[in-house]
Amino acid sequence: MALAFEGGEPGAMKRRPRRPEETIFNSQMVWQTIVSGLTIGALALGAWYWMVRVEMMDEAVARNLVLLFMVLLQNVHVFNCRSEAVSALKVPLRRNIILIFGVMAAQGIHILSMYLPFMQRILGIKPVALAQWLLLLALSLTVLLVMEMFKWFRRKS
């Protein structure tokens, strides 16, 4: 919902308007959704496979880590969604403070859930070591990298 408060892009009024018959989900949006969805899905599935099959983690531990990983992936990916064409690294953070607080709140709620006993029981989660959290955060930046490359290729073509 915080994306609704995103300010307009500089130069937006200089671009040609969309054709009236063009749908809301134009080809660029469809391709961005496919690329980001496949990336996030592959990362989460790959992490699960690695944890369970290679590291031989208990399924409950792996499930806990993959849930955190998916929350982190979404928290990182939301910054890609701020613009269809402009790099996430070039869109000023101050343009949407509500989004920053929303991401912090989402992460905070998940962390709080890991420490509240009744939420631990409901969600079947446990606290995660800081080193694991940092590793998953670093891995979640992959979605940012992939989408930056996607936007760069789209601008070049």
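An account of the accompanying structure is given in this report.

What counts as what
- Residues numbered from 1 in each chain as written.
- Predicted model: local features only at pLDDT ≥ 70, side-chain atom pairs only at ≥ 80, totals over all residues.
- Heavy atoms only, no water.
- Helix = DSSP H or I, 4+ residues; strand = E, 2+ residues; numbered from the N terminus.
- Buried < 20%, exposed > 50% of the residue type's maximum accessible area, 1.4 Å probe, protein only.
- Contact = heavy atoms within 4.5 Å.
- Areas by Shrake-Rupley, 256 points an atom, 1.4 Å probe, with all protein chains shown as cover.
- Lys, Arg positive; Asp, Glu negative; His and termini not counted.
- Charge placed at Lys NZ, Arg CZ, Asp CG, Glu CD.
- Patch = residues over 30% accessible without salt bridge, like charges linked within 9 Å, V, L, I, M, F, W, Y side chains within 5 Å.
- Salt bridge = Lys/Arg side-chain N within 4 Å of Asp/Glu carboxyl O.

Before going further, it helps to spend a moment on the overall build of the protein chain. When its secondary structure is counted, the protein chain shows five helices and zero strands. Counted from the first residue to the last, the protein chain has its helices and strands arranged as α-α-α-α-α. Considering only C-alpha atoms, the protein chain reaches an extent of 55 × 30 × 25 Å along its principal axes. Burial analysis of the protein chain (157 residues in total) assigns 33% to the buried set. Restricting the contact set of the protein chain to residue pairs at least 6 apart, pairs at least 24 apart contribute 72%. Of the roughly 10,500 Å² of accessible surface on the protein chain, 71% is carried by carbon and sulfur atoms. Treating the 17 positive side-chain charges of the protein chain as one cloud and the 9 negative ones as another, the clouds have centres 6 Å apart.

On to a nonpolar patch on the surface, then. There is a patch of nonpolar side chains on the surface, built from Ile24, Phe25, Val30, Trp31, Ile34 and Leu38 and spanning about 650 Å² of accessible area. When its relative accessible area of 59% is taken as the criterion, phenylalanine 25 is described as exposed.

Examined against the element boundaries, histidine 77 turns out to sit in helix α2 (residues 59-80). Residue histidine 77 is classed as buried on the basis of its relative accessible area, which comes to 10%. Leave out the neighbours within four places in its chain, and histidine 77 touches Ser36, Ile40, Val143 and Met147.

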